[in-house]
Amino acid sequence: MSAGGGTSLTLRAERIDGYDGDIRVDVSGLPQGWSASTPMIIQAGHNEARLVINALDKPQADWSQAKLTANAQIGKEQVTREVGKL
């Protein structure tokens, strides 16, 4: 993808044990020259949201360190899970 281009990804949550609150998803480790619309929130009562990734100036192609991390407040506990790589 050339500079100025972008794409959107649909992220889906598999909700378990009756949890229906917000889920925050962060992207880290993007290659140089890329940005993402984070944090992305899957809102309470919903199962998906879109994440937008944009190519900036001279985007690099090494995606090996890019990952998604989800966070949710479940009761009194903050739960964090690595959910995958890009």
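S.K.: Which residues make up the overall build of the chain, and what values go with them?
M.R.: What the chain contains, in helices and strands, is zero helices and seven strands. Seen in sequence order, the chain has helices and strands lined up from the N terminus as β-β-β-β-β-β-β. Seen along its three principal axes, the alpha-carbon backbone of the chain occupies a region of about 45 × 20 × 15 Å. Here the chain holds 86 residues, and 30% of them are scored as buried. Excluding contacts between residues fewer than 6 apart, the proportion of contacts in the chain whose partners are at least 24 apart in sequence is 54%. Approximately 5700 Å² of the chain is accessible, and the part contributed by carbon and sulfur atoms is 47%.

S.K.: Can you explain the sheet that holds strand β7 (residues 77-85)? Please cite residues and give values.
M.R.: Taken in spatial order, the four strands line up as β4-β2-β6-β7 in an open sheet, and their pairing is antiparallel. Each of the sheet's edge strands pairs with one partner strand only, and the pair in question is β4 (40-42) and β7. With strand direction ignored, the average angle separating the axes of adjacent strands in the sheet is 25°. The pairing of strand β2 (residues 23-28) with strand β6 (residues 67-74) spans five bridges and is antiparallel. Each residue of the ladder has a partner; that of arginine 24, found in β6, is asparagine 71.

S.K.: With reference to specific residues and values, describe the pattern of salt bridges.
M.R.: Pairs can form between side chains of opposite charge once their charged atoms are near each other. The tally for this structure, following the rule as stated, stands at three salt bridges. The closest approach of N and O atoms between aspartate 26 and arginine 24, which form a salt bridge, is 3.0 Å. Aspartate 26 sits in the buried class, given a relative accessible area of 19%. Judged by relative accessible area, arginine 24 falls into the partly exposed class, the value being 38%.

S.K.: Summarise the sheet that holds strand β5 (residues 48-55); cite the residues concerned and give the values.
M.R.: Spatially, β1-β5-β3 is the arrangement adopted by the three strands of the open sheet, whose pairing is antiparallel. In this open sheet, the two strands that pair with only one neighbour each are β1 (6-12) and β3 (34-36). On average, adjacent strands in this sheet sit at an angle of 25° to one another, irrespective of strand direction. Sheet analysis places β1 next to β5, joined by seven bridges and oriented antiparallel. Within β5, the position partnered with arginine 12 by the bridge is glutamate 48.

Rules used in this analysis
Residues numbered from 1 in each chain as written. Predicted model: local features only at pLDDT ≥ 70, side-chain atom pairs only at ≥ 80, totals over all residues. Heavy atoms only, no water. Helix = DSSP H or I, 4+ residues; strand = E, 2+ residues; numbered from the N terminus. Buried < 20%, exposed > 50% of the residue type's maximum accessible area, 1.4 Å probe, protein only. Contact = heavy atoms within 4.5 Å. Areas by Shrake-Rupley, 256 points an atom, 1.4 Å probe, with all protein chains shown as cover. Pairing = 2+ DSSP bridges. Axes fitted to C-alpha atoms, helices over the stretch in contact; angles between N-to-C directions. Salt bridge = Lys/Arg side-chain N within 4 Å of Asp/Glu carboxyl O.

Spatial relationships are all this shows, so hold off on functional conclusions.
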